[in-house]
Structure formats: C-alpha cells, structure tokens
Amino acid sequence: GAGFIGSNICRQFAREGWKVRAVDGLMARSFADAGLLEGIDNVTFTQCVTDTSDRVPELVEDAEIVVDAMGWTRHLDAMQDPGYDLRLNVASHLPVIRAIAQSARKPRLVVHLASRGQYGRPAAPVISEDSIMEPVDVQGVHKLAGEGHWRLFARSSPENAHQRCKIRKC
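Residues numbered from 1 in each chain as written. Predicted model: local features only at pLDDT ≥ 70, side-chain atom pairs only at ≥ 80, totals over all residues. Heavy atoms only, no water.

### Considerations on the side chain of T46
Then, in step 1: Mapped onto the fold, T46 is located in strand β2 (residues 43–47).
Then, in step 2: T46 gets classed as buried once you look at its relative accessible area, which sits at 12%.
Then, in step 3: Dropping the residues within four chain positions of it, T46 is found in contact with R21, A22, V23, D24, R55 and L59. (Helix = DSSP H or I, 4+ residues; strand = E, 2+ residues; numbered from the N terminus. Buried < 20%, exposed > 50% of the residue type's maximum accessible area, 1.4 Å probe, protein only. Contact = heavy atoms within 4.5 Å.)

Here it is, written out as structure tokens:
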C-alpha cells in the first residue's frame, strides 16, 4: 500500500469514499514510503511484514475488497538476490491467501496485480489473458508463481465455484 502503485490505488479508493487500510512492510530496497499516504482522508496505514507477522488475519477480516499490490519489481536486482525476490513476490502473498481462506467473512473481490515480466518476450505486440506466460528472469518466474497461488486459492474455494470457468479462461 505504500509503494508507488499501491499508494495511488489507495488514493483512488479513498476519493471514491472507501475506507482504506493500507498495509506495507516497508521492506528494504522496495521504495515503499508511508509518507505517500499521509494526508489522505479515509486511509489508515499499518506497517506489517506479511510473511512474518501473525497480524495478517485481523488485517483482512473485515475487508470488502483486497488489492494485492505486493511485490518487488527490480528485475536485475532479482537476478542478483533471487531469495529476496522470492520472499517479496511469492512468500509475502501466502499468509494473505491463507487468512482470507480461513476468514468467516470473505471479501467481495480480490485483485492481484501481476507483472508484464510474467510473459517474457511475447511474439504478439498486445498481451491478453490468453497470451502464453514464459518468464525470462527471476522476477517474472516469481510473479507467475505468486499469481499461481492466488489462482489455486480461487479454484479451491467453495464460495468461488461459480467463477471457476472464468478463472480457467474457458
């Protein structure tokens, strides 16, 4: 919530009258900055490193919409430090997925922000939902894995049974 994309999403939801809870671990090398959220009405900031905190269930329990904008988009740095990239682009999502799966009241909508890097170097000039994903670097592989966890959750959740065809791109 405190990165460039996340803070702008928070700002837009707040403008539309939503009560927003921005959660960010302010991880090193992520460029997240809680100051990007200062002065925005209806936005509450909570610092939380999701893959090491037991607070995640309480942070998502009343959410109507969850926007998962977590990640590290440093392609070259990810090649040098794949473990850190794995943590931010895969492991950070798992406690959020688990917390939502175990909550009594599920969000109406969950949005996971993916990355163009998941597609590698597509032959077509326009990327669509049907484009083949063939990542060419560590960051793309990890973002694809993170999305895979969300897709698995969506397919395996009984309350999402009506959406399975859409998720599978039928």
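### Observations concerning the pattern of salt bridges
Then, in step 1: Within this structure, the stated rule accounts for 7 salt bridges.
Then, in step 2: Residue D51 is joined to R87 by a salt bridge in which the shortest nitrogen-to-oxygen separation is 2.8 Å. Within this pair, whereas D51 is found in the loop between β2 and α2 (56–60), its partner R87 is found in helix α4 (residues 82–91), the two being separated by 36 residues in sequence.
Then, in step 3: Of the residues examined, D51 reaches a relative accessible area of 27% and is grouped as partly exposed.
Then, in step 4: Notably, a salt bridge pairs R55 with E58, separated by 3.4 Å at the nearest N-O pair. (Salt bridge = Lys/Arg side-chain N within 4 Å of Asp/Glu carboxyl O.)

### Some details on the pairing of strand β1 (residues 20–24)
Then, in step 1: Covered by surrounding structure in β1 are V20, A22 and D24 only, the residues R21 and V23 on the alternate face being uncovered.
Then, in step 2: Pairing of β1 with β2, which is carried by 5 bridges, proceeds in the parallel orientation. Opposite D24, over in β2, you have Q47 as the bridge partner. (Pairing = 2+ DSSP bridges.)

### Regarding the packing of helix α5 (residues 94–102) against helix α6 (residues 138–156)
Then, in step 1: Relative to each other, α5 and α6 sit at 10 degrees, their axes nearing to 10 Å. Between α5 and α6, the interaxial angle falls into the category roughly parallel. Between α5 and α6, the contacting residues are L94, V96, I97, I100 and A101 on the first element and H149, W150 and F153 on the second.
Then, in step 2: For the contact of α5 with α6, the per-class residue count stands at 7 nonpolar, 1 polar and no charged. (Axes fitted to C-alpha atoms, helices over the stretch in contact; angles between N-to-C directions. Parallel < 35°, antiparallel > 145°, perpendicular 65-115°, else oblique. Nonpolar A, V, L, I, M, F, W, Y, C, P; charged D, E, K, R; others polar.)

### With respect to the nonpolar core
Then, in step 1: With 12 residues, the main nonpolar core is built from C48, V56, L59, V60, A63, V66, V96, I97, A99, I100, W150 and F153.
Then, in step 2: When residues of this core are traced back to their parent elements, those giving at least two are α2, α5 and α6.
Then, in step 3: Sorting elements by how many residues they give to this core places α5 first, with 4 residues.
Then, in step 4: Leave out the neighbours within four places in its chain, and A63 touches R105, K106 and P107.
Then, in step 5: A2, A14, V20 and I40 belong to the second-largest nonpolar core, a separate cluster that totals 8 residues. (Core = buried A, V, L, I, M, F, W, Y, C linked by side-chain atoms within 4.5 Å.)

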